[in-house]
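# Residue-level structure breakdown
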Amino acid sequence: MTKAAADCDNMDEVRVEIDRIDAALIDLMAERWDYVDRAWQLKTSPAEATVPWRIQQVIDKVRSRAEAGGLPPSLAEALWRQLIGWGIQYEEEKLRDRHK
């Protein structure tokens, strides 16, 4: 049963909720990764892996959503820049391998 943070009376209850959220985050990141995996398949060269305007668009959306949700925008940006960086590296490698 989900409990709001303010309704947790001890650390065990807090930990249960953090574990629940971590599991949901992993599931969502795995779903996001499926789209990253599909993206490289639709591209034709490693140069297409980095799209600066799209990166900025994603960061702007993430920062805005974080701010609206009470999460420090700088934290959200740092996390997404890592995700984006991993995605770009993955796409570049896959696209290079395809062109060998």
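A brief structural summary. Every value quoted in this text rests on a predicted model; they were computed, and no experiment measured them.

Rules used in this analysis
- Residues numbered from 1 in each chain as written.
- Predicted model: local features only at pLDDT ≥ 70, side-chain atom pairs only at ≥ 80, totals over all residues.
- Heavy atoms only, no water.
- Salt bridge = Lys/Arg side-chain N within 4 Å of Asp/Glu carboxyl O.
- Helix = DSSP H or I, 4+ residues; strand = E, 2+ residues; numbered from the N terminus.
- Buried < 20%, exposed > 50% of the residue type's maximum accessible area, 1.4 Å probe, protein only.
- Expected span 1.5 Å × (residues − 1).
- Contact = heavy atoms within 4.5 Å.

### Considerations on the pattern of salt bridges
On inspection of all chains with the given rule, the structure shows six salt bridges. With a closest N to O distance of 4.0 Å, Arg15 and Asp12 form a salt bridge. Separated by three residues within a single helix, Arg15 and Asp12 lie in helix α1 (residues 11–42), roughly one turn from each other. Residue class for Arg15 comes out partly exposed when judged on its relative accessible area of 47%. For Glu77, the salt bridge identified is with Arg81, shortest N-O distance 2.9 Å. One end of the pair, Glu77, and the other, Arg81, are both in helix α3 (residues 73–98), four residues apart, so they sit about a helical turn from each other. Look at the salt bridges and you will find they share partners, linking Arg63, Glu77 and Arg81 into a network.

### A closer look at α3
With 26 residues, α3 should reach 38 Å at 1.5 Å per residue; the first-to-last C-alpha distance of 37 Å fits that figure. If you check which residues of α3 are buried, you get Pro73, Ala76, Glu77, Ile84, Gly87, Ile88, Glu91 and Leu95. Contact partners of the buried residues in α3: α1 and α2 (52–69).

The values reported here are purely geometric and, on their own, carry no functional implication.
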